[in-house]
Amino acid sequence: MILPIVAYGDPVLRKVGEEIDQDYPKLKELISNMWETMYNASGVGLAAPQIGLPIRLFVVDTTPFSDDEDLSPDEQKLLNGFKKVFINAHIEEESGTDWPFNEGCLSIPDVREDVNRKERIRITYVDENFKEHVETYDGLLARVIQHEYDHIEGILFTDKLSSLKKRLLKGRLANISKGKISVDYRMRFPNVKKAR
């Protein structure tokens, strides 16, 4: 089932996600709905807060990036078919140099900005079968995971921009929260005035 994606300005996007266990209600169905919602919106990642649930769960599929000619053949191969569910994730370490990349977010449509992030991460998480993993990622894989991880920490990519950039985006972000934007996927806007 395709779920509406929560727009910028909704308080759920600012909550730190709660850990969940195997008994979380309809977890398999939720994960399946998240994949469907993400693919419908042409995303490469989707976090539970973006569908209104303040829990530590996100999904990532970087396959669309594997067509990028600017990437090395090795990186294209890594990104192709990388599809994972991250539950109760914690980034243990971020290392390497900061590097910029143009990011966007399904909750903040039509806004893309360069964001600096560390090139490498070590992350612990459990998968959809609650098997534990400790893994290291770098480059674009690390970045997609960092972006989704920020969502379960109540952080948006716009928080990482300079104060000047934030001021310049203020009006556009306010319009997104009011639903004054055209998107080709279902969204839920926090500040839409209800008609009487």
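Residues numbered from 1 in each chain as written. Predicted model: local features only at pLDDT ≥ 70, side-chain atom pairs only at ≥ 80, totals over all residues. Heavy atoms only, no water.

Q: When you look at the pattern of salt bridges in this model, what are you seeing that I'm missing?
A: Oppositely charged side chains can form a pair if their charged atoms are brought close together. A complete count under the given rule lists 11 salt bridges for this structure. The residue Asp10 makes a salt bridge to Arg188 at a minimum N-O spacing of 3.1 Å. Here the residue Asp10 occupies a position in the loop between strand S1 (5-6) and helix H1 (27-40), and Arg188 occupies one in strand S7 (residues 187-188), the gap between them amounting to 178 residues. Looking at Arg188, the relative accessible area reads 38%, which means it is partly exposed. The partner of Lys165 in a salt bridge is Glu113, with the nearest N and O atoms 3.6 Å apart. (Salt bridge = Lys/Arg side-chain N within 4 Å of Asp/Glu carboxyl O. Helix = DSSP H or I, 4+ residues; strand = E, 2+ residues; numbered from the N terminus. Buried < 20%, exposed > 50% of the residue type's maximum accessible area, 1.4 Å probe, protein only.)

Q: Would you take a moment to explain the nonpolar core for this structure?
A: Within the largest apolar cluster, 38 residues are counted, with the highest numbers of intra-cluster contacts made by Leu57 and Ile87. Taken together, the elements giving at least two residues each to this core come down to S1, H1, strand S3 (57-61), strand S4 (83-105), strand S5 (108-126) and helix H4 (163-177). Considering each element in turn, this core owes the most residues, six residues, to H1. In this structure, Ile87 is in contact with Ile20, Leu27, Ile31, Arg56, Leu57, Tyr125, Val126, Asp127, Glu128 and Phe130, ignoring residues within four places of it in sequence. Val60, Leu71, Leu79 and Ile123 belong to the second-largest nonpolar core, a separate cluster that totals 21 residues. (Core = buried A, V, L, I, M, F, W, Y, C linked by side-chain atoms within 4.5 Å. Contact = heavy atoms within 4.5 Å.)

Q: Help me understand the sheet that holds strand S6 (residues 132-138) in this model?
A: Sheet strands associate in pairs through backbone hydrogen bonding, adopting either a parallel or an antiparallel arrangement. With antiparallel pairing, five strands are arranged side by side in an open sheet as S2-S3-S4-S5-S6. The open sheet has two edge strands with one neighbour each: strand S2 (45-47) and S6. Neighbour-to-neighbour, the strand axes of this sheet turn through a mean angle of 45 degrees, independent of strand direction. The pairing of S2 with S3 spans three bridges and is antiparallel. Looking at S3, one finds that Leu46 is bridged to Val59. Contacting S2, S3 and S4, H1 crosses the sheet at an angle of about 45 degrees to S3. Packing against the sheet, helix H3 (residues 139-152) makes contact with S2, S3, S4, S5 and S6, and its axis sits at approximately 115 degrees to S4. (Pairing = 2+ DSSP bridges. Axes fitted to C-alpha atoms, helices over the stretch in contact; angles between N-to-C directions.)

Q: For this particular structure, what's the right way to read H3?
A: Side chains of residues three or four places apart in an α-helix project in the same direction, reflecting 3.6 residues per turn. Spanning 14 residues, H3 covers 21 Å between terminal C-alpha atoms, matching the ideal 20 Å at 1.5 Å per step. Of all 14 residues in H3, 14 are buried, a share of seventy percent or more. Backbone geometry just downstream of H3 places Gly154 in the positive-phi region, at approximately 80 degrees. (Expected span 1.5 Å × (residues − 1).)

Q: I tried to follow the pairing of S4 on my own but got confused; where do I start?
A: Across a regular strand the side chains alternate sides, sitting on one face of the sheet and then on the other. Examined bridge by bridge, S3 and S4 share five bridges and lie antiparallel to one another. Among the inter-strand pairings, Val60 is bridged to a residue of S4, identified as Lys84. Pairing of S4 with S5 involves 13 bridges; the strand directions are antiparallel. Looking across to S5, one finds that Asn102 is bridged to Asp114.

Q: I keep staring at the pairing of S3 and nothing clicks. Help me out?
A: Extensive coverage of S3 is indicated by the burial of five of its five residues. Residue alternation in S3 divides its side chains into two sets, Leu57, Val59 and Asp61 and Phe58 and Val60, and both sets are buried.

Q: Honestly, the packing of aromatic side chains in this entry has me stumped. Any pointers?
A: We describe a pair of aromatic rings using the distance from one ring centre to the other and the angle between the two ring planes. Inspection of the entire model under this criterion finds six aromatic pairs. Ring centres of Phe58 and Phe86 lie 4.8 Å apart, and the angle between their planes is 15 degrees; this geometry places the pair in the stacked category. Here Phe58, found in strand S3, pairs with Phe86, found in strand S4; they are 28 residues apart in sequence, far enough to count as distant. Across the pair, Phe86 and Phe58 agree in class, each one buried. (Phe/Tyr/Trp six-rings, centres within 6.5 Å; stacked < 30°, edge-to-face > 60°.)

Q: Where do I start with the side chain of Thr158 in this structure?
A: By the secondary structure assignment, Thr158 is in the loop between H3 and H4. We classify Thr158 as buried; its relative accessible area is 4%. Excluding its chain neighbours within four sequence positions, the residues that come into contact with Thr158 are Tyr8, Ile108, Lys166, Leu169 and Leu173.

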